[in-house]
4 protein chains.
Amino acid sequence: MKALILGSTGYTGQVLIRLLSSHPEIQEVIASSNSKADSLIQEFDPGLSGPGMEKFASTGKRFVSPSKALKLAKERKVDIVFSALPHLTSAELLKDFFNLALVIIDLSADFRLRDPSVFQKAYSHEVPRLDLLSQAVYGLSEWYTEDIKKADLIANPGCYPTNALLAILPAQKMGIIKASVVINSLSGISGAGKKAKENLLFTERSERVVAYNPGTSHRHSYEIQQELENKIFFTPHLVPIIQGMESTIWFELKSGFSQTDIQKFYFDTYANAPFVTIQEKIPSTSQVRGTNRCDISLHFEENHLILSSVSDNLFKGASGQAVQNMNLRFGFDEIAGLPMMGEL
Amino acid sequence: MKALILGSTGYTGQVLIRLLSSHPEIQEVIASSNSKADSLIQEFDPGLSGPGMEKFASTGKRFVSPSKALKLAKERKVDIVFSALPHLTSAELLKDFFNLALVIIDLSADFRLRDPSVFQKAYSHEVPRLDLLSQAVYGLSEWYTEDIKKADLIANPGCYPTNALLAILPAQKMGIIKASVVINSLSGISGAGKKAKENLLFTERSERVVAYNPGTSHRHSYEIQQELENKIFFTPHLVPIIQGMESTIWFELKSGFSQTDIQKFYFDTYANAPFVTIQEKIPSTSQVRGTNRCDISLHFEENHLILSSVSDNLFKGASGQAVQNMNLRFGFDEIAGLPMMGEL
Amino acid sequence: MKALILGSTGYTGQVLIRLLSSHPEIQEVIASSNSKADSLIQEFDPGLSGPGMEKFASTGKRFVSPSKALKLAKERKVDIVFSALPHLTSAELLKDFFNLALVIIDLSADFRLRDPSVFQKAYSHEVPRLDLLSQAVYGLSEWYTEDIKKADLIANPGCYPTNALLAILPAQKMGIIKASVVINSLSGISGAGKKAKENLLFTERSERVVAYNPGTSHRHSYEIQQELENKIFFTPHLVPIIQGMESTIWFELKSGFSQTDIQKFYFDTYANAPFVTIQEKIPSTSQVRGTNRCDISLHFEENHLILSSVSDNLFKGASGQAVQNMNLRFGFDEIAGLPMMGEL
Amino acid sequence: MKALILGSTGYTGQVLIRLLSSHPEIQEVIASSNSKADSLIQEFDPGLSGPGMEKFASTGKRFVSPSKALKLAKERKVDIVFSALPHLTSAELLKDFFNLALVIIDLSADFRLRDPSVFQKAYSHEVPRLDLLSQAVYGLSEWYTEDIKKADLIANPGCYPTNALLAILPAQKMGIIKASVVINSLSGISGAGKKAKENLLFTERSERVVAYNPGTSHRHSYEIQQELENKIFFTPHLVPIIQGMESTIWFELKSGFSQTDIQKFYFDTYANAPFVTIQEKIPSTSQVRGTNRCDISLHFEENHLILSSVSDNLFKGASGQAVQNMNLRFGFDEIAGLPMMGEL
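All values derive from a computational prediction rather than experimental measurement.

Asks: Explain empty space enclosed by the protein to me, using residue names and the numbers behind them.
Replies: The full count for this structure, using the stated rule, is 7 cavities of 30 Å³ or more. When its volume is computed, the largest cavity comes out at roughly 220 Å³. Lining the largest cavity we find 16 residues, and of these S206 of chain A, S206 and P240 of chain B, S206 of chain C together with S206 of chain D sit closest to its centre. Split by residue class, the lining of the largest cavity holds 8 nonpolar, 4 polar and 4 charged.

Asks: A description of the pairing of strand β13 (residues 304-311) of chain A should follow, citing residues and the corresponding values.
Replies: Remember that side chains alternate between the two faces of the sheet whenever the strand is regular. Residue and element names in this part refer to chain A. Among the 8 residues of β13, 8 are classified as buried, and the element is accordingly described as predominantly covered. With 8 bridges connecting them, strand β10 (residues 245-253) and β13 associate as antiparallel partners. For W250, the partnering residue across the bridge sits in β13 and is I306. In this sheet, β13 lies alongside strand β12 (residues 294-301) in antiparallel orientation, the contact comprising 8 bridges. Bridging from a neighbouring strand, H299 pairs with I306 of β13. Between β12 and β13, which follow one another and run antiparallel, lie 2 residues, and E302 among them has a positive phi close to 45 degrees.

Asks: So, the interface of chain B and chain C: which residues are in play, and what are the values?
Replies: Taken together, the contacts link 27 residues of chain B with 27 residues of chain C. Taken over both partners, the interface formed by chain B and chain C buries close to 2200 Å², and the fraction arising from carbon and sulfur atoms is 58%. For the chain B face of the interface with chain C, the top three residues by lost area are S49, M341 and L344 of chain B, together amounting to 31%. Between chain B and chain C we count 2 salt bridges in total. A salt bridge links R289 of chain B to E343 of chain C; its shortest N-O distance comes to 3.2 Å. For the pair chain B and chain C, the interface holds 12 residue pairs in polar contact (both at pLDDT 80 or more). The biggest single contributor to the side of chain B that touches chain C is helix α1 (residues 11-21) of chain B, with 5 residues. The residue inventory of the side of chain B that touches chain C, partitioned by class, reads 11 nonpolar, 8 polar and 8 charged.

Asks: Which residues make up the sheet that holds strand β5 (residues 137-138) of chain C, and what values go with them?
Replies: Residues and elements named next belong to chain C. Spatial strand order, β2-β1-β3-β4-β6-β5: 6 strands in an open sheet with parallel pairing. Because the sheet does not close on itself, it has two edges, and the strands there are β2 (28-32) and β5. Here strand β3 (residues 80-83) runs beside strand β4 (residues 103-106); their pairing, made up of 4 bridges, is parallel. Residue I80 lies in a different strand from β4, and its bridge partner there is V103.

Asks: How would you explain the relation of the copies chain B and chain A if you had to name every residue and give the values?
Replies: Mapping chain B onto chain A is achieved by rotating through 180 degrees and translating by 0.0 Å along the same axis, at an RMSD of 0.0 Å. The symmetry that links the two subunits is that of a two-fold axis. Taken as a fraction of all interface residues of chain B, those also at the interface in chain A reach 100%, which identifies the copy contact as same-surface.

Asks: Residue-level account of the interface of chain B and chain A, with values.
Replies: Across the contact, 39 residues belong to chain B and 39 residues belong to chain A. Interface of chain B and chain A: buried area, both sides summed, is about 3400 Å²; carbon and sulfur atoms make up 64% of it. Among the residues chain B hides against chain A, the three largest losses belong to E207, V209 and F233 of chain B. Together they make up 19% of the total. Across the chain B-chain A interface, the total number found is 6 salt bridges. As a salt-bridge pair, K231 of chain A and E302 of chain B come within 3.6 Å of each other at their nearest N and O atoms. Inspection of the chain B/chain A interface yields 17 residue pairs in polar contact (both at pLDDT 80 or more). Sorting the residues of the side of chain B that touches chain A by element identifies β7 (177-187), β8 (210-211), β9 (232-238), β10 (245-253), β12 (294-301) and β13 (304-311) of chain B as the ones contributing at least two each. Along the lines of polarity and charge, the residues of the side of chain B that touches chain A split into 17 nonpolar, 15 polar and 7 charged.

Asks: How would you sum up the pairing of strand β7 (residues 177-187) of chain C? Please name residues and give values.
Replies: All names here are of chain C. The element β7 is largely enclosed, with a buried count of 9 among its 11 residues. Looking at chain direction, β7 and strand β10 (residues 245-253) are connected through 8 bridges and run antiparallel. Across the sheet, residue V181 finds its bridge partner in β10, namely F251. Pairing geometry for β7 and strand β9 (residues 232-238), over 7 bridges, is parallel. If you follow V182 over to β9, its bridge partner there is F233.

Asks: Which residues make up the side chain of R289 of chain C, and what values go with them?
Replies: Considering the arrangement of structural elements, one finds R289 of chain C in the loop between β11 (276-279) and β12 (294-301). Assessed through its relative accessible area of 3%, R289 of chain C is described here as buried. Polar side-chain contacts of R289 of chain C include one of 3.2 Å to the side chain of E343 of chain B. Side-chain polar atoms of R289 of chain C contact the side chain of Q243 of chain C, separated by 3.4 Å. What R289 of chain C contacts, discounting residues up to four positions off in sequence, is R289 and E343 of chain B, I242, Q243, D312, M341, G342 and E343 of chain C together with E207 of chain D.

Asks: With reference to specific residues and values, describe the environment of S247 of chain C.
Replies: Residues and elements named next belong to chain C. Along the polypeptide, S247 turns up in strand β10. In this structure, the C-alpha to C-alpha distance between S247 and D312, residues 65 residues apart in sequence, is 12 Å. In contact with S247, other than residues within four places in its own chain, are N163, A164, I183, N184, S185, L307, S308 and S309. A distance of 2.7 Å separates polar atoms of two side chains, one belonging to S247 and the other to S185.

Cut-offs used in this document
- Residues numbered from 1 in each chain as written.
- Chains lettered and ligands numbered in written order.
- Predicted model: local features only at pLDDT ≥ 70, side-chain atom pairs only at ≥ 80, totals over all residues.
- Heavy atoms only, no water.
- 1 Å grid on protein atoms, 1.4 Å probe; cavity = no way out; pocket = protein on both sides within 12 Å on 5 of 7 lines; lining within 4 Å.
- Points joined across faces, edges and corners; volume = space filled by probe spheres on them.
- Nonpolar A, V, L, I, M, F, W, Y, C, P; charged D, E, K, R; others polar.
- Buried < 20%, exposed > 50% of the residue type's maximum accessible area, 1.4 Å probe, protein only.
- Helix = DSSP H or I, 4+ residues; strand = E, 2+ residues; numbered from the N terminus.
- Pairing = 2+ DSSP bridges.
- Contact = heavy atoms within 4.5 Å.
- Buried area = accessible area lost by both parts, 1.4 Å probe.
- Salt bridge = Lys/Arg side-chain N within 4 Å of Asp/Glu carboxyl O.
- Polar contact = N/O pair within 3.5 Å; in protein donor to acceptor, adjacent residues only side chain to side chain.
- Least-squares fit on C-alpha atoms with pLDDT ≥ 70 in both.

Structural measurements only, silent on function.
Set out below in structure tokens:
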């Protein structure tokens, strides 16, 4: 298996390099970057080391430009392309790769929203590839598994949607949500990407928390809403951690369902999902940091359910889920190459 | 004015020392501590310095034992006692001070809950001084102002209740809350006090967030509920900051109220409150860190209101509000001795 | 007294606004900013609040452009100008203010280095105002006190030099330093200023430490060396705190000096300095955070002295010392308007 | 291969569980804990997950008491015991394991100091097992490799000594150190262990740095000194990170050695060491976080060398090196089971 990464120098790109370099089914990786083309990968990211870096030998362990990447994709018969580029740039740069008959996993938002008018609202731009939209499969691994296994264009979900939906969807499937769903999410700062913006400086983010973009002013709210029948109220918050995400989700229960039934339904839903676990104790983001896991707890309070869901925004919320989708698509072991052990 | 602090070596005690030592109306302070009796105050807390420390000269700038503190309260005719002790210990140690005809501001929970059966539920113990409960005034400065001005026993509110209630009470007064109120709060770690507990270690709290004690499993939920007519759903979270607290509050609006009216009502409610401000932009905890302020923003979304409220758990959430209440009680300028300038 | 700030929107500018707005001798402040000209000050910096903001009323509580600032400086007869601009920009923008017969405190490096060839080496640019260099007084308050009292152009020292020199200069004065001085300093991230640079992002600075620019590759090494006779070896480090700086300083002692004598000399040197204290215990940066203090400890080890010095890079290391210098220059109480109480 | 861990619930124990559960040569692990005996391992540490946990099946995935551990060590023919216990407790609890003819890697200090009088000085207690001291091999993997391969009792080095010595020893071997060696080290808070101590609380360690125990007041100074001919001056500092350690090391060079020769010597020394790398750029602790690596840079300044060395105190500074030593002792691939990819 040969893999190619577009946009290798952002945080999700850097995590993809880590995951693919230690993936047992991947023999070769080409890492592309526009801004760092021709630079040594390890000079750019000194965290990288070990025998896995040999997989980058075909490009001299250097980043290649996107145009060179396209050329190499053809020459070396690359099997899969991961795009870790920003939205719109992603569809644009992927343009020529769509014809190469390979599998594309796009970590950007370009193919996530099935309704073009919703994309327009969320991103203030028309959807870049209306023609390909119907082919794209929404890559929420545990809920679109069968589609993902056959897809050649996978729209990898956003970090907030992954975190919230994995907790809410069992309830929707069971039909127990009575009315609105209130979602309060906390995100580590890496979720904002590696942009040199003043409001992302250490001095501007440490020792403080803040809510931002409540309701439909956050783009991910459209993506969450797309998968849900009930109206959501989504408020994200920035918290001073590098990686990690927590959502606390509240909704009223329809009558006629016991706590035991609901708990059982949740357990059963994820009984065969290696990465999603229903926990007795409320989970901390630390226990899933650096892993592809999502840990979820249930708390019942006067006919309401309060869910807490934790995941790592760069792993299950981005690059980890992308690799999980590759595993599903190519019939590898679902957990191949994906870390399971969280932090202390 | 002479002031006495019981429980001077916890975080709220340390903040009280800072505030009183620079308060223009206070001439003398006696700082009591059981564990550090007879130790030099500045040796214990090397952050303390400057001319304000001369106010502690009567005790040789040392902590005194609670029994010595009682003796000094009589001898030196202390005007006000602040208790920064844990609940139950507070009522117990204050016992002899109740007869001294001075003003007592109790920062513990011992006099906050008016219904003894609620105290029993929240603290798994009977209310310690049923006989004094009816005299105690709930010290939410902006809402019990007139009562506070006449009170000799002020039950200083908890940090979560202060933060949430200041945002919710205008809506309740205006009568716009239709049904349940969902409160998600984030708290800095100092809110848990200065106890040597494993789960409060730096290594156990840094680079992670976690929800804890949702619903009525957190004691403060009873205190918030006491002041509200609508059912609340309260979920606190621990975030890796020292000081600061944010609540995101959601509820459905009754019909018949315009956004403009509601905004105006909020502005008018706090027009003369020096510490509470309705902000256009969603506030960050940093802007109120180290101050007695509470900044609140309103966001409307499909006939629902989403409020964000920020304050410093050690200032407006504890010692700052205690000093504000002293200012009200003794007719001082309400802002005397209370910082207004937040952090960068 | 009327004061004017050039470069009000960087971190040192923001601290100057805080300090001057609560300074008892300052009645009016004009805050200038090129990038934020005409914006409301409190909109830019929501941490600002309280009666001190009335001092900005003459400009409608708005930032003014540098050219407007010059005009106002004349019209309103401003007494003092603080420049919190970057080096070179500072001398350039101050150009027209030099003729106004007022006191200028320049927080940039433009007038710190007395030898133009050293400036050239450190800043790779010729010294911008050779003609004014001889008039400038190096504003290390405790060591150039008498000069500062008469100076009309004060070159406010850098944060590293202030922190290190206050600890080393008594030893130099006493003549006990045998040979090289090894300085290892740790700095909070705000020391790097408010520039939107990738390597200053929260995600790039949290949960890590790094040494950088050892020896003469850091510009401040020239400034420290200028004040010392012995060769220094200076290694700065970035640590994940917002504000605060610590230097650990090592040198061999000449023979013939007892520990007691040396300790006494240090105590005596700063006996009348309100902001510098020789501590028994090794100080933490937290105890001086938000203050103009510098706390220093001495440790003797086999005829060597190891000093630890802590200060806040934005206060004693920049804006606080600038206000202290204003106090000295205008004959105010040296501690007027300067905080003394550190953090918990 | 079967492994047993004594003291599994401290930070080094928790890291050992992670490393052994994913080690390709280990089939079974017994995790012992006095305080958590009989508890489920994953309940105690919810970060643990994945197929590696099956290795703990023989004890029902529960911790066992030390006495049960001894019994199981015999019954199940354990090959290696890791002790992650505190000093003195370690030698005491290991007592009965010494007779079982298996390999013991002791992560405590009990066997590190070859001179019993030095142990007495450093730990204020006589060395616990004088009789076994001569058998113990100091487990600095890259420098005692051949001894480790034959040892049955390995004294795993401390985190500070590992970090500093890996940088200094090549210079000592080359004979270029002229006189004293000045070592300034910064350590993450996990280095202090998981003790519920007030001074290790988040609120007491965040947003601050402090030097502590300079010179021989830190126990590790004896361990570093033991391996060096030149006098050292060691000052450790606590910095607000969970994991990570950096040392900046300064010494004067003997004359007659060129920079090129020294650099070459450093490169050659570690040419075959998979975990130690001489870097061009000054390394950050983040690049080795979670790995067994130690990255070192050299900076020359006027005939002095300034070294910067980074490692993870819980990995190369403790449990990682312990596993590396196991790999050496049993002839496994030196990097087996040891992570190489650092953080972003």
